[in-house]
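# Descriptive structure summary
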Amino acid sequence: MNKQQILETNQRYETKVKNLFDYLGSYSNDQLNHKPKEGAWSALQNLHHLILAEETSLRYVQKKLSFNPTLAEAGLAEKWRGFMLWAYLSTPFKFKAPAAVGDEQLPEFSTLAEAQTQWMKVRKDWDQFFQDMPETLASKSAYKHLVAGKLGWEQMFIFFNTHFDRHLNQVKNTLANPSLRITITK
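Here's a quick rundown of the structure. (Residues numbered from 1 in each chain as written. Predicted model: local features only at pLDDT ≥ 70, side-chain atom pairs only at ≥ 80, totals over all residues. Heavy atoms only, no water.)

## Some details on the overall build of the protein chain
- Of the regular secondary structure elements, the protein chain holds six helices and two strands.
- For the protein chain, the N- to C-terminal ordering of α and β elements is α-α-α-α-α-β-β-α.
- For the C-alpha atoms alone, the extent of the protein chain along its principal axes is close to 50 × 30 × 30 Å.
- Accessible surface, the protein chain: about 10,200 Å² in total, of which carbon and sulfur atoms supply 54%. (Helix = DSSP H or I, 4+ residues; strand = E, 2+ residues; numbered from the N terminus. Areas by Shrake-Rupley, 256 points an atom, 1.4 Å probe, with all protein chains shown as cover.)

## Here's the deal with the layout of surface pockets
- By volume, the largest pocket is sized at about 1,100 Å³.
- Forming the walls of the largest pocket are 39 residues, and the residues nearest its centre are H49, F95, A97, H163 and H167.
- Secondary structure elements with two or more residues in the lining of the largest pocket: α3 (43-66), α4 (76-90), β1 (143-145) and α6 (153-174).
- Class assignment for the residues of the lining of the largest pocket results in 18 nonpolar, 15 polar and six charged. (1 Å grid on protein atoms, 1.4 Å probe; cavity = no way out; pocket = protein on both sides within 12 Å on 5 of 7 lines; lining within 4 Å. Points joined across faces, edges and corners; volume = space filled by probe spheres on them. Nonpolar A, V, L, I, M, F, W, Y, C, P; charged D, E, K, R; others polar.)

## Details of the environment of N169
- Following the sequence through the fold, N169 ends up in helix α6.
- What makes N169 partly exposed here is its relative accessible area of 38%.
- Here the alpha-carbon distance between N169 and M84, two residues 85 residues apart in the chain, equals 20 Å.
- Looking at N169, its side chain comes within polar contact range of the side chain of K172, at 3.3 Å. (Buried < 20%, exposed > 50% of the residue type's maximum accessible area, 1.4 Å probe, protein only. Polar contact = N/O pair within 3.5 Å; in protein donor to acceptor, adjacent residues only side chain to side chain.)

## Description of empty space enclosed by the protein
- Under the counting rule described, the total for this entry stands at one cavity of 30 Å³ or more.
- As a volume, the largest cavity reaches approximately 30 Å³.
- What lines the largest cavity is simply Y13, L50, A53, E54, F159, F160, H163 and F164.
- Residue assignment for the lining of the largest cavity shows that the elements contributing at least two residues are α3 and α6.
- Classifying every residue of the lining of the largest cavity gives six nonpolar, one polar and one charged.

## Focus: the packing of α3 against α6
- Relative to each other, α3 and α6 sit at 165 degrees, their axes nearing to 8 Å. As summarised for this structure, α3 and α6 are arranged roughly antiparallel, according to the angle between their axes. By crossing handedness, the relation of α3 to α6 is classed as right-handed. Contact residues: α3 offers A43, N46, L47, H49, L50, A53, E54, S57 and V61, while α6 offers W153, F160, H163, F164, H167, Q170, V171 and T174.
- When its residues are assigned to classes, the contact of α3 with α6 shows nine nonpolar, seven polar and one charged. (Axes fitted to C-alpha atoms, helices over the stretch in contact; angles between N-to-C directions. Parallel < 35°, antiparallel > 145°, perpendicular 65-115°, else oblique. Left-handed = near helix turned anticlockwise from the far one by under 90°. Contact = heavy atoms within 4.5 Å.)

## Structural notes on the nonpolar core
- By size, the foremost hydrophobic cluster in this structure holds 42 residues, and its most contacted members are L24, L47, W119, W126, F130 and W153.
- Counting residues per element, the ones that place at least two in this core are α1 (3-24), α3, α4, α5 (112-132) and α6.
- Top element by residues in this core is α6. It accounts for eight residues.
- Here W119 is in contact with Y13, V17, L20, F21, L47, L50, I51, E54 and F164, once residues within four sequence places are set aside. (Core = buried A, V, L, I, M, F, W, Y, C linked by side-chain atoms within 4.5 Å.)

The values reported here are purely geometric and, on their own, carry no functional implication.
Shown next as structure tokens:
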């Protein structure tokens, strides 16, 4: 990917996030905080989990790059790890979230407005990061996923989108609305 492709991909993902908030605006905060069963996440807890995943990802990349590391070009190994991560997240099986983005980090109650403010700040920070990023970094594997390891930017966005879609399914089930569909516009 080059920098322009990264910026465009980031914008498409942000549109997807905004579309979700537009749709969820028709639900009350009580509905969005409802847990369908003990141990399950509410719709808003799913959103907060996604926010934390993006936020911790950005912090990792910023910290890593602050040491001015020598980064490898993203290549076949990163594509393979990205594919395996996609396959892993595309299964119907439930996985325990890593502690940094899991149950202990999620609010018991929040509002849609709070979640939107927080997520849009993270999205703005990602946008600024990519705007400021030198073109030479666009082809590097600067991102590291907790399970998959080092990935390029393309694979990071595949993760963000697949992770989003996985939790969108949980939100749909929590709200008992299987017709909820959020798409990326090109």
